[in-house]
Every structure is written in C-alpha cells, then in structure tokens.
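The chain contents come next:
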Amino acid sequence: MGQLGIGIIGTGRIARSHLRSLAQGAEGKVVAVYDVMPERATQAAAEFGVPNAARTLEDLLERRDVEAVIVSTPPTSHLAPTITALEAGKHVLCEKPFALDPGEAARMVETAERNQRFLAVCSARDRVGIGPRTAHELASSGALGKVYHVRSSTYRLRGRPGIDMFQDAPWFIDKTKAGGGALIDIGVYRIDVMLWLLGYPRVTSVLCSTFQGIGKPAPEPLVQTVEDHAVVMFTCENGASGVLEIAWASNVTGVNTTIVLGTEAGLRFDPLTRITVGPNRLPTEERLIDRPDADNRDYGDVTTQFVRAVLAGRQPETPARQALEVARVIDAAYQSAATGQAVSLA
Ligand SMILES: NC(=O)c1ccc[n+]([C@@H]2O[C@H](COP(=O)([O-])OP(=O)(O)OC[C@H]3O[C@@H](n4cnc5c(N)ncnc54)[C@H](O)[C@@H]3O)[C@@H](O)[C@H]2O)c1
C-alpha cells in the first residue's frame with residue numbers, strides 16, 4: 001500500500017489531533033498546511049515537521065502531492081474549502097458538524113459525487129472501538145432479532161467549549177458560528193452511531209427539547225446563544241426509534257450509556273453486555289467486551305481509517321450521505337425545539 005499525501009486546512013486544536021495521528025503511522029503524510037491566520041499554519045508546520053505552510057488555499061490545492069485534505073476549520077467555514085477541494089480533485093475528510101444546515105450538506109454531497117471523490121465526516125468518531133464495532137456486527141447480522149430502538153445518554157458535568165474548556169475558541173457558544181450547542185457539537189457523534197446501529201434508515205419524524213442555563217454564565221463580553229442540553233426523539237421509516245439525551249453541562253453522574261433493543265436480545269454499552277431473557281423469564285447478562293468504550297480505540301481513529309480507506313479505494317466512514325442524514329435530523333430537532341412541535345421529514 002502506498003502513502004497518501006495530505007493537506008490540512010485550518011490548523012487549530014483539532015488539526016493537531018489529526019497531525020498527531022498521522023505522525024504515528026506511515027500511511028499518510030501531511031505535505032502542506034493552510035490557515036487564514038498564516039502564523040498558525042507556520043507554527044503547526046514547524047511543530048510537526050510539515051514541509052509547506054501554504055499562503056493561500058489555492059496554493060495548497062494546486063499541489064499535486066496533496067491527494068486528500070482534512071478540513072478542520074470552525075463549522076461556518078466547512079462548506080467553502082470542502083467544495084473547492086473536491087472541485088480540485090481532492091478527497092476530503094471534513095470535521096464535524098458537517099454543515100450548518102442540510103442545504104450546505106447536500107451541496108457538499110453533490111460536489112463529491114459529481115467529482116467522484118471520497119467525502120467523509122469526522123462524526124464517525126464514536127464508531128471507532130471494539131465495543132461499537134461488535135454491537136454493529138450483532139445488530140446488522142440479525143443476532144439481536146429485529147432492532148427497534150436505540151437510546152444514548154451523554155451528560156457532561158461542566159464541559160461547555162468556549163466557557164469551561166477551549167476558552168480560546170469562543171465561537172463554540174455563538175449560534176451563528178457553531179450552528180448550535182451540545183446537540184450539534186457532540187450529539188452529532190451520537191446520532192451518527194445510533195443511526196449506524198439501526199442500519200441508517202431514513203428518519204421520518206423528530207421531536208426535540210433544549211435547555212440552556214447550567215453553570216456560570218459566559219464571562220463578559222461573551223454571550224452564550226446555544227443550548228447546554230438537548231433531548232431528541234426520532235422515528236424511522238422502518239419503524240425503529242431513537243432517543244438521545246446530550247448535555248455539555250448537567251448536575252448528574254453515572255448515567256452515560258447506550259442501549260440497543262432487539263426482539264431477541266438487547267445490548268448495553270460501557271462495557272458492552274448482551275442481555276437475553278430465558279424461558280424462565282430471568283435475564284442472562286453476557287459481558288462481550290471487558291473495557292468501557294472510552295478506554296479502547298482498537299480500530300485506530302477516524303483519521304487513520306480515512307487514510308486507509310482512500311488508499312484502498314473504498315468509501316471511508318462517515319460517508320457524506322450519512323452525514324447529510326445526521327444534518328437533517330439536527331436541523332429538524334432545532335426546528336422542533338423552537339416550535340414545541342414534532343417535525344415530519346417523511
Ligand atoms: N473530532 C473531534 O473530536 C473534534 C473536537 C473538537 C473540535 N472539532 C471540530 O473541529 C473544527 C475545528 O475546531 P477547533 O477546536 O480545532 O477550532 P480552533 O478555533 O482551535 O481552530 C480552527 C482554525 O481554523 C482556522 N480557520 C478559520 N476559518 C478558516 C478558513 N476559512 N480557512 C482556513 N483556516 C480557517 C482558524 O484560524 C483556526 O486556526 C470544528 O468544526 C469543531 O467542531 C472536532
């Protein structure tokens with residue numbers, strides 16, 4: 001297998017995670033970086049031994065040794081570089097959330113398909129790891145019977161980016177720049193993994209409630225215009241349903257888990273456990289994986305998987321069409337939270 005030449009667009013915090021992952025393997029080599037703030041690109045190039053800090057996006061995309069790019073800019077700036085890179089014939093791994101709205105997401109999908117380039121989105125992050133992989137294998141093989149429901153709960157105590165962490169990136173709490181709060185920022189991973197476990201059926205209706213007002217307010221002059229907490233219920237064309245609870249900030253511990261319900265068996269994550277009920281109506285719990293998911297990344301990470309898939313000529317996870325479905329759900333959820341009504345996507 002050869003080596004994939006990579007360009008990185010936007011060299012902030014998460015770009016460093018991609019750079020670190022790529023530095024650990026030989027399959028991908030970062031040959032150029034670009035940032036609208038040139039000193040940031042120069043700094044990242046120096047830190048990671050990248051030979052070129054491009055002065056413009058066009059300079060980076062003109063390079064023939066750049067075969068793929070990672071777009072790691074804030075959400076308002078995913079669309080333009082992704083489309084420009086795809087039109088320039090590059091494969092793209094785009095940071096999450098894919099897009100601010102489904103219209104933007106659809107434009108990116110259409111551009112990738114027209115140019116026959118791979119477009120993947122980092123919302124696949126929670127598929128990585130032996131727990132989710134094993135759950136997915138069991139759900140898709142029929143070993144659980146018909147899978148009819150997934151529930152996922154993630155409650156941070158005080159984890160509002162821009163306030164409690166990542167204070168240098170206040171854009172996270174500005175709706176015009178981030179598109180929303182906990183739901184679009186971290187719920188995006190959970191909606192992806194929930195739909196993946198259900199076989200990515202089309203979502204037909206969404207009901208959502210959001211809340212903001214936990215923890216100390218943002219320090220002046222910052223104003224938080226996004227939610228801390230969201231609850232989403234969705235239904236799918238195949239009759240399956242999902243419930244997501246997601247919070248950047250809360251006053252609870254010990255309730256973070258995912259469950260998958262099938263007609264023959266159920267699964268509980270962290271650590272992955274299969275539950276069946278025998279003829280005596282008593283449950284049998286079988287621990288399938290010893291460690292909680294957070295403790296293992298046995299399947300590498302999204303960056304490494306992207307590089308391997310592109311080199312092998314197959315679609316990386318999360319395919320853009322699936323990320324578009326996630327964007328539709330999130331957009332409908334915010335509409336529902338604003339109106340108090342369920343939103344039909346049928
Ligand atoms: N996958 C994950 O685990 C994870 C974690 C944190 C953030 N993220 C996502 O990664 C993205 C970036 O987040 P971050 O925390 O690194 O932000 P950041 O603010 O630290 O870095 C963003 C960088 O992009 C640059 N930039 C802005 N607009 C640009 C443009 N048009 N062209 C080139 N460069 C541009 C900025 O100057 C900055 O250096 C966001 O979408 C965020 O949601 C993902």
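Predicted model only: the values in this text are computed from it and were never measured.

**A short note on the sheet that holds strand E4 (residues 68-71)**
Move 1: Strand order in the open sheet formed by six strands is E3-E2-E1-E4-E5-E6, with parallel pairing between adjacent strands. Either end of the sheet is taken by a strand with one partner, and the two such strands are strand E3 (52-53) and strand E6 (119-121).
Move 2: Where strand E1 (residues 4-9) and strand E2 (residues 28-34) come together, six bridges link them in parallel fashion. In the sheet register, Ile-8 faces E2, and the bridge partner there is Val-33.
Move 3: The strands touched by helix H4 (residues 79-87) within the sheet are E1, E4, strand E5 (91-94) and E6, with E5 carrying the most contacts at an inclination of about 165 degrees.
Move 4: Sitting on the sheet, helix H9 (residues 302-312) is in contact with E1, E2, E4, E5 and E6, with an inclination near 135 degrees to E1.

**What about helix H5 (residues 102-115)?**
Move 1: Taking 1.5 Å per residue, 14 residues should reach 20 Å; H5 reaches 20 Å between its end C-alpha atoms and fits that length.
Move 2: If you check which residues of H5 are buried, you get Pro-102, Glu-104, Ala-105, Met-108, Val-109, Thr-111 and Ala-112.
Move 3: For H5, the secondary structure elements touched by its buried residues are H4, E6 and helix H10 (320-339).

**Some thoughts on the domain arrangement of the protein chain**
Move 1: Here the protein chain is partitioned into domain 1 (4-124) and domain 2 (126-298 + 319-344).
Move 2: The C-alpha centroid of domain 2 is placed 26 Å from the C-alpha centroid of domain 1.
Move 3: The element that contributes the greatest number of residues to the side of domain 1 that touches domain 2 is H5, accounting for six residues.
Move 4: Its residues placed into classes, the side of domain 1 that touches domain 2 shows 16 nonpolar, two polar and three charged.

**Concerning the packing of H5 against H10**
Any two packed helices are characterised by how steeply their axes cross, that is the angle between the axes, and by the distance between the axes.
Move 1: Direction vectors running N to C along H5 and H10 enclose 170 degrees, while the axes themselves pass 9 Å from each other. The orientation of H5 relative to H10 falls into the category roughly antiparallel. When H5 is examined against H10, the residues Pro-102, Ala-105, Ala-106, Met-108, Val-109 and Ala-112 are found in contact with a partner set consisting of Ala-320, Arg-321, Ala-323, Leu-324, Ala-327, Arg-328 and Asp-331.
Move 2: Grouping the amino acids of the contact of H5 with H10 by side-chain chemistry returns 10 nonpolar, no polar and three charged.

**Topic: the site of the ligand**
Move 1: By nearness alone, 24 residues border the ligand, and Gly-10, Gly-12, Ile-14, Ser-77 and Glu-95 come closest of all.
Move 2: No other element matches the three residues that helix H1 (residues 13-24) contributes to the shell around the ligand.
Move 3: Residue composition of the shell around the ligand, grouped by class: 11 nonpolar, six polar and seven charged.

**Quick word on the sheet that holds strand E12 (residues 266-268)**
Move 1: Reading across the sheet, the nine strands line up as E14-E13-E12-E11-E7-E10-E9-E8-E15 and stay open at both edges, with mixed pairing between neighbours. Looking at which strands have only one partner, the edges of the open sheet turn out to be strand E14 (283-287) and strand E15 (343-344).
Move 2: Examined bridge by bridge, strand E8 (residues 203-211) and E15 share two bridges and lie antiparallel to one another. When the sheet's bridge partners are listed, Ser-205 is paired in E15 with Ser-344.
Move 3: Contacts from helix H6 (residues 130-141) reach strand E7 (147-155), strand E11 (257-262) and E12, with the element oriented near 15 degrees to E11.

**Thoughts on the packing of helix H8 (residues 182-197) against H10**
Move 1: For the pair H8 and H10, the least separation of the axes is 10 Å and the interaxial angle reads 125 degrees. On the basis of the axis angle, H8 is oblique to H10. For H8 against H10, the interelement crossing comes out right-handed. Contacts between H8 and H10 involve Leu-183, Ile-184, Val-188, Ile-191, Asp-192 and Leu-195 from the first element and Gln-322, Glu-325, Val-326, Val-329, Ile-330 and Ala-333 from the second.
Move 2: Of the residues belonging to the contact of H8 with H10, the class tally is nine nonpolar, one polar and two charged.

**Considerations on the pairing of E7**
Move 1: Two strands pair when backbone bridges link them, and E7 and E11 are joined in this way by six bridges, in the antiparallel orientation. Bridging from a neighbouring strand, His-149 pairs with Leu-261 of E11.
Move 2: Summarising the sheet, E7 and strand E10 (residues 241-247) pair through seven bridges and their orientation is parallel. Looking at the pairing, Tyr-155 lines up with Ala-247 of E10.

**Observations regarding the nonpolar core**
Move 1: Within the largest apolar cluster, 102 residues are counted, with the highest numbers of intra-cluster contacts made by Ile-6, Val-33, Val-69, Leu-119, Leu-197, Ile-330 and Ala-333.
Move 2: The biggest single contributor to this core is H8, with 12 residues.
Move 3: Formed jointly, this core draws a minimum of three residues from each of two domains, domain 1 (4-124) and domain 2 (126-298 + 319-344).
Move 4: Discounting residues that sit within four places of it in the chain, Ile-6 has contacts with Leu-22, Gly-28, Lys-29, Val-30, Val-31, Val-66, Ala-68, Val-69 and Ile-70.

**Things to note about the pairing of E10**
Move 1: With five of seven residues buried, E10 lies mostly within the body of the structure.
Move 2: Both strand E9 (residues 229-236) and E10 contribute to a ladder of seven bridges, which runs antiparallel. Looking at the pairing, His-229 lines up with Ala-247 of E10.

Cut-offs used in this document
Residues numbered from 1 in each chain as written. Predicted model: local features only at pLDDT ≥ 70, side-chain atom pairs only at ≥ 80, totals over all residues. Pairing = 2+ DSSP bridges. Helix = DSSP H or I, 4+ residues; strand = E, 2+ residues; numbered from the N terminus. Contact = placed C-beta atoms within 7 Å. Axes fitted to C-alpha atoms, helices over the stretch in contact; angles between N-to-C directions. Expected span 1.5 Å × (residues − 1). Buried ≥ 20, exposed ≤ 12 C-beta atoms within 10 Å, placed from the backbone. Domains from an automatic or database assignment. Nonpolar A, V, L, I, M, F, W, Y, C, P; charged D, E, K, R; others polar. Parallel < 35°, antiparallel > 145°, perpendicular 65-115°, else oblique. Near = placed C-beta within 6 Å. Left-handed = near helix turned anticlockwise from the far one by under 90°. Core = buried A, V, L, I, M, F, W, Y, C linked by C-beta atoms within 7 Å.

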